[in-house]
Amino acid sequence: MDKPSVSNSTSYCSPADVRRSLSYLMPQLAPYWERPLTAYASKLYRVEHVSAESAARNHAKDLFRTCIERAARRSSYTEEEARSAGRELVASPVLQTGPHCLLLFEPDAFYTHLFSMMGLMAHNRNWYISYFASTSGFSERAKKGPGWLRVGGEPLNLFGVPRNRMDSSSIGCLNGPYRYALTNAKGESAPNADAACLLANLPSAEFASAAEAIKAGNRDLWRRTFSQSIRLLQLDDFDVADLIADHLEDPTSWISSQFIGNRTIANSILTALDDLQAGPWAGWIRRTTDFFWRISENRVTPLHLKGDALISDNAPTFSVRFRPDAIAAALRNRLILPNLLLAFLAISILPGVRVLGGFRQVVYYPLMRYLTSAGIQQAGNADLLADMVNDNQPGVWGHRVLRRAESDPFHEVNIAGGIAPLLQAYGKLSLSDASGDLTCFTEDCLWSRLAANIANGTIASASDEWRWSDKGSRGALSRRRCI
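Residues numbered from 1 in each chain as written. Predicted model: local features only at pLDDT ≥ 70, side-chain atom pairs only at ≥ 80, totals over all residues. Heavy atoms only, no water.

A. Inspection of the overall build of the chain at higher detail. Across its full length, the chain carries 20 helices and 13 strands. Structurally, the chain occupies a C-alpha span of about 65 × 55 × 45 Å along its principal axes. Expressed as a percentage of the 483 residues in the chain, the buried residues total 60%. Contacts spanning at least 24 positions in sequence make up 72% of the contacts within the chain whose residues lie at least 6 apart. When the accessible surface of the chain is totalled, it reaches about 18,400 Å², and 48% of it is carbon and sulfur. Here the chain contributes 52 positively and 48 negatively charged side chains, and the mean placements of these two sets differ by 2 Å. (Helix = DSSP H or I, 4+ residues; strand = E, 2+ residues; numbered from the N terminus. Buried < 20%, exposed > 50% of the residue type's maximum accessible area, 1.4 Å probe, protein only. Contact = heavy atoms within 4.5 Å. Areas by Shrake-Rupley, 256 points an atom, 1.4 Å probe, with all protein chains shown as cover. Lys, Arg positive; Asp, Glu negative; His and termini not counted. Charge placed at Lys NZ, Arg CZ, Asp CG, Glu CD.)

So this is what it looks like as structure tokens:
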């Protein structure tokens, strides 16, 4: 695939330039632009089985399967169903990680779920397993984000939460109770027919956090509206916190014995991150917090690794020793949550699970693998590094692949008579048509800069930082240091 050509600066933000950049960095994507969307979805959910060489990967895979089974039981699935979910994840290690914690009918989530269903159905899968970040705020921008949903032509406040509280809170914090209300600007609950119908399908119980309410709402909506044959299993940051605690309480885990047990490894990753920020990949992974967030009553706040402890600038009396036992206890007691790097380490990088992500994840996830490789090389784990070298497309574009402008999915489903007609209609679109004008890419300054850096040769598909994106991109990596 040719590199994007240099022209004027605005051309870097065109859909054509984005497609060229994506195809240049991910050449296996290029043949699918004009093929049906179902073909691309099927490809992403088709994973070739590769035996792990390292004990670290096999162990991480076992712990992740235990996490899946535990999350399934928490979601009221039977013991046999829970074991079925674990077996399927191991046999077909693909995880949707694109949408944040959003109600199913929020457009940013809805069309991604449709796309994932196409891939799952192509391979007769029984489980749709996803991970969503719940450390975000209620609003991404004006009346958009986890606390909002447009129904019946107007934006509605999911829980009727006052704006000043929404602006100062993270949805994952345990500061409830939260109850579904779907209120408009006048404070009226369910002010139109569609909103009344949706509210009747949502749980009426109270929840300790907004994230838990959204998770429960999605369970009910999935069973009623989406699919009876494919079961939904959502992992949140608390599920991942327990998974990392499992690692830390097991001295044979790589996270316990090397990453946390040997502070040199953690510092080598932070040093590599700082170096990354000083080069052409700056901005893709920000050092907002060092590995974990502190959970306060209303929001998550950064922690910084200083000496042998994680310290909070916001609460000087709060600190956690950087030791496996201390961090595990803090995770179990819901004092801290893992950041995205730690989350992806536990659910994808170590166990070898492919993750589907959006317009920024497709870049920052390979860079997370690059950072992890610095720690693995520092630890001298050649067998684990070999497993990473053999990973086939560990991170792919699988969120906002199907994108409709200014839509009302709940109304769309009612008009169509269900999900099946939408799957059929959208599945016939080409990937190019389905993805539309790629606004999320074209209006993003990081993508504009990336396209420019590709065009002028500052970034190449053979760049050391990108060599961990796919086994086909690494060439002679095993014979040299990547950092």
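Next comes the rest of the description.
B. Representation of helix α4 (residues 79-91) within the structure. For α4, with 13 residues, the first-to-last C-alpha span of 19 Å sits near the 18 Å given by 1.5 Å per residue. Looking at the packing, one finds that the buried side of α4 touches α3 (55-74), β1 (94-96), β2 (127-131) and β5 (231-235). (Expected span 1.5 Å × (residues − 1).)

C. Representation of the confidence of the model for the chain. Per-chain confidence: the chain averages 92 in pLDDT, with 95% of residues scoring 70 or above. Contacts of residues 1-12 to residues separated by more than four positions or lying in other chains number 25 contacts, the stretch itself having pLDDT below 50. Scored below 50 in pLDDT, residues 475-483 shows 19 contacts in the model against residues more than four places distant or in partner chains. (pLDDT = per-residue confidence, 0-100.)

D. Just the nonpolar core, in detail. Counting residues in hydrophobic clusters, the biggest one holds 164 residues, and the most contacted among them are Phe 291 and Trp 397. At 10 residues, the largest contribution of residues to this core is made by helix α14 (residues 361-379). Sequence-distant contacts of Trp 397, that is, excluding residues within four places in its chain, are made with Leu 22, Leu 29, Trp 33, Tyr 40, Leu 44, Gly 357, Gly 358, Val 362, Leu 431, Ser 435, Leu 438 and Phe 441. (Core = buried A, V, L, I, M, F, W, Y, C linked by side-chain atoms within 4.5 Å.)

E. Quick look at the sheet that holds strand β7 (residues 300-302). Across the sheet, which stays open at both edges, the three strands sit in the order β7-β6-β11 with antiparallel pairing between neighbours. This sheet does not close on itself; its edge strands, each paired only once, are β7 and β11 (336-338). Put simply, the sheet's adjacent strands are angled 40° from each other on average, direction ignored. Relative to β11, helix α12 (residues 324-332) is tilted by about 105°, and along the sheet it contacts β6 (292-295) and β11. (Pairing = 2+ DSSP bridges. Axes fitted to C-alpha atoms, helices over the stretch in contact; angles between N-to-C directions.)

F. Region of the structure containing the packing of aromatic side chains. Using the criterion set out here, one finds 26 aromatic pairs in the structure. Taking the centre distance of 5.7 Å and the plane angle of 45° together, the rings of Trp 33 and Trp 397 count as tilted. On the criterion of sequence distance, the pair formed by Trp 33 in the loop between α1 (15-25) and α2 (37-44) and Trp 397 in strand β13 (residues 395-397) is long-range, its members being 364 residues apart. Across the pair, Trp 397 and Trp 33 agree in class, each one buried. (Phe/Tyr/Trp six-rings, centres within 6.5 Å; stacked < 30°, edge-to-face > 60°.)

G. Representation of the sheet that holds strand β9 (residues 309-311) within the structure. The three strands are arranged β8-β9-β10 in an open sheet whose pairing can be described as antiparallel. Both outer strands of the open sheet, β8 (304-306) and β10 (319-321), are each paired with one neighbouring strand and no more. Taken pair by pair, the neighbouring strands of this sheet meet at an average axis angle of 30°, ignoring direction. As paired strands, β8 and β9 are joined by three bridges and run antiparallel to one another. Considered in β9, the bridge of His 304 is made with Ile 311. Against the sheet, α12 engages β9 and β10, with an angle of about 135° to β10.

H. Just the pattern of salt bridges, in detail. Inspection of every chain in the model, using the stated rule, returns 29 salt bridges. One salt-bridge network, in which partners are shared between bridges, spans Arg 70, Arg 74, Lys 215, Asp 236, Asp 239, Asp 242, Asp 246, Glu 249, Arg 332 and Arg 334. (Salt bridge = Lys/Arg side-chain N within 4 Å of Asp/Glu carboxyl O.)

I. Region of the structure containing the pairing of β6. Along β6, one buried face is formed by Phe 292 and Arg 294 and the opposite face, lined by Trp 293 and Ile 295, is buried too. Of the strand pairs in this sheet, β6 and β11 are connected by three bridges, and their pairing is antiparallel. Its bridge partner being in β11, Arg 294 is matched across the sheet by Ile 336. The pairing of β6 with β7 spans three bridges and is antiparallel. The residue of β7 that forms the bridge with Ile 295 is Val 300. Once β6 ends, the chain turns through four residues before running back antiparallel as β7.

J. Spotlight on unusual backbone geometry. A cis amide bond links Gly 176 to the next residue, Pro 177, at an omega of 15°. Summarising the element assignment, Pro 177 is placed in the loop between α6 (163-167) and α7 (193-200). If you check the backbone angles, Leu 182 has positive phi at about 50° while not being a glycine. Considering the arrangement of structural elements, one finds Leu 182 in the loop between α6 and α7. You will see that Ala 190, though not glycine, has its phi angle at about 45°, which is positive. On the secondary structure map, Ala 190 appears in the loop between α6 and α7. Its relative accessible area of 19% is what places Ala 190 among the buried residues.

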